[in-house]
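# Examination of the molecular architecture
Chain by chain, the residues:
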Amino acid sequence: QRWSPCLVKVNLGAFHCGVEVLDDEWFFAWGEGEYSGVVWNEPKCHQVHIFRETVCMGESPLSQGEIRMVVTQFMDTWIASSYHPVSKNCVNFAEELLLALRVPTPFPRWVRGAMDVGNSCCLRPLATCSWYLVRKWYDWNAERMWEARVREAPHLSTSAALRG
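Summary of the structure given here. (Residues numbered from 1 in each chain as written. Predicted model: local features only at pLDDT ≥ 70, side-chain atom pairs only at ≥ 80, totals over all residues. Heavy atoms only, no water.)

## Quick look at the packing of aromatic side chains
Counted by the stated rule, this structure contains 7 aromatic pairs. Relative to F93, the ring of F28 lies with its centre 6.3 Å away and its plane at 25 degrees, an arrangement referred to as stacked. With F28 in strand β2 (residues 24-28) and F93 in helix α3 (residues 90-100), the pair connects residues that are 65 residues apart, well separated along the chain. Under the relative-accessibility criterion, F93 is labelled buried at 1%. Ring-pair connections join several aromatic residues into one group, and the members of that group are F28, F74, W78, Y83 and F93. Here the guanidinium or amino end of K88 rests over the ring plane of W78, the centre of that ring lying 4.8 Å away. (Phe/Tyr/Trp six-rings, centres within 6.5 Å; stacked < 30°, edge-to-face > 60°. Helix = DSSP H or I, 4+ residues; strand = E, 2+ residues; numbered from the N terminus. Buried < 20%, exposed > 50% of the residue type's maximum accessible area, 1.4 Å probe, protein only. Lys NZ or Arg CZ within 6 Å of the ring centre and 35° of its normal.)

## Regarding the sheet that holds strand β3 (residues 38-41)
Across the sheet, 3 strands lie side by side as β1-β2-β3; this open sheet has antiparallel pairing. Two strands bound the open sheet, and with one partner strand each, they are β1 (19-21) and β3. With strand direction ignored, the average angle separating the axes of adjacent strands in the sheet is 35 degrees. Sheet topology note: the β1/β2 ladder contains 3 bridges and is antiparallel. Each bridged residue has a counterpart across the sheet, and for E20 the counterpart in β2 is E25. Lying over the sheet, helix α2 (residues 64-77) contacts β1, β2 and β3, oriented at roughly 130 degrees with respect to β3. Against the sheet, α3 makes contact with β1, β2 and β3, and its axis sits at roughly 125 degrees relative to β2, the strand it touches most. (Pairing = 2+ DSSP bridges. Axes fitted to C-alpha atoms, helices over the stretch in contact; angles between N-to-C directions. Contact = heavy atoms within 4.5 Å.)

## Section: the side chain of S81
Secondary-structure assignment places S81 in the loop between α2 and α3. Within polar-contact distance, the side chain of S81 engages the side chain of E34 at 2.7 Å. (Polar contact = N/O pair within 3.5 Å; in protein donor to acceptor, adjacent residues only side chain to side chain.)

## So, a nonpolar patch on the surface
A contiguous nonpolar patch, built from W137, Y138 and W140 and spanning about 380 Å² of accessible area, is present on the exposed surface. Mapped onto the elements of the fold, Y138 is located in helix α5 (residues 124-152). Y138 sits in the partly exposed class, given a relative accessible area of 37%. (Patch = residues over 30% accessible without salt bridge, like charges linked within 9 Å, V, L, I, M, F, W, Y side chains within 5 Å. Areas by Shrake-Rupley, 256 points an atom, 1.4 Å probe, with all protein chains shown as cover. Salt bridge = Lys/Arg side-chain N within 4 Å of Asp/Glu carboxyl O.)

## So, unusual backbone geometry
Despite not being glycine, L22 has its phi angle at roughly 50 degrees, a positive value. Relative to the assigned elements, L22 resides in the loop between β1 and β2. Phi angles above zero are rare outside glycine, and D23 is one such case at about 70 degrees. Assignment of secondary structure puts D23 in the loop between β1 and β2. Taking relative accessible area as the criterion, D23 reaches 67% and is therefore assigned exposed.

Next comes the structure, spelled out in structure tokens:
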């Protein structure tokens, strides 16, 4: 957090980003499965990220029903396992959702800072490789946690867990 103001000044801010619409804050998050990565929570109350500021983008000309249809379409197409830290993330999601909602204010460039740098031809392979390693570590760690649970409760097995 101490570095954030300095990084923003040189357009290298790294931010979590969501869109507040119809009294909920919508964002895109990574997950292992082929389910929707579109998630919502109460505005400014993300469980992990610290709220920084609200940027008013104006009102959508769409009706509430049309807005719900847009959000539903995004829920169907933004799959959790397709997340990538520099090319398909919460910032990309917010920018595309705002375009689909046809808000009058353009998406602020400063929000994209670190993501745009990470998407450069020099850094994208490094970001992709790092993301691959993070996902492998997550998989490995999840397996170790499951093995520890089974050791603690030997009556559990994969088949028993799948039936339950």
